[in-house]
Amino acid sequence: MAKQTAAATLQLHINRLINFLNFTRVYLKKKNPIKMFITSTTSAIQELLTIKKKLKNIERRIYYEKYKLKKTELILAQNSEHLFLKGRSLNQTR
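Structural notes, computed from the coordinates. Note that the coordinates shown come from a computational prediction; the quantities given were computed from them, not determined experimentally.

Counting its regular elements, the protein chain contains three helices and zero strands. Beginning at the N terminus, the succession of helices and strands in the protein chain can be written as α-α-α. Of all 94 residues assigned to the protein chain, the portion counted as buried reaches 4%. Entry remark: accessible area of the protein chain is about 9,300 Å², with carbon and sulfur atoms responsible for 65%.

Now the structure itself:
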């Protein structure tokens, strides 16, 4: 009887191992962690390579906002009476 119990135990462990390998195969097929790792790595590298271009665009936006602020300040200063702006026109409209 002891050999049948050992054989049954061995068969049980083999079945569990086969089930685990099947679950692992299905998980790897569904999630594909290697492909996800490669995709995330390439996107990170691409992000690093395009960071200079993004910084340039941000600088351009900042310069444009500064330009608009200076224009607005100039128009406000021209419409108010100051001693240093006496020679400029007072009725400038944008």
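Structure shown, so let's carry the discussion forward.
Bringing the pattern of salt bridges into the picture now. Enumeration according to the criterion identifies two salt bridges in this entry. In this structure, the salt-bridge partner of Glu 47 is Lys 54, at a minimum N-O distance of 2.7 Å. A relative accessible area of 39% places Lys 54 in the partly exposed class. Here Glu 65 makes a salt bridge to Lys 68, at a shortest N to O gap of 3.6 Å. Residue Glu 65 and its partner Lys 68 are both found in helix H3 (residues 51-79); the two are separated by three residues, about one turn of the helix.

With that settled, consider a nonpolar patch on the surface. A surface patch of nonpolar side chains, amounting to about 490 Å² of accessible area, comprises Ile 51, Leu 55, Ile 58, Ile 62 and Tyr 63. The topology assignment puts Tyr 63 in helix H3. Here Tyr 63 falls in the exposed class, since its relative accessible area comes to 54%.

What counts and how
Residues numbered from 1 in each chain as written. Predicted model: local features only at pLDDT ≥ 70, side-chain atom pairs only at ≥ 80, totals over all residues. Heavy atoms only, no water. Helix = DSSP H or I, 4+ residues; strand = E, 2+ residues; numbered from the N terminus. Buried < 20%, exposed > 50% of the residue type's maximum accessible area, 1.4 Å probe, protein only. Areas by Shrake-Rupley, 256 points an atom, 1.4 Å probe, with all protein chains shown as cover. Salt bridge = Lys/Arg side-chain N within 4 Å of Asp/Glu carboxyl O. Patch = residues over 30% accessible without salt bridge, like charges linked within 9 Å, V, L, I, M, F, W, Y side chains within 5 Å.

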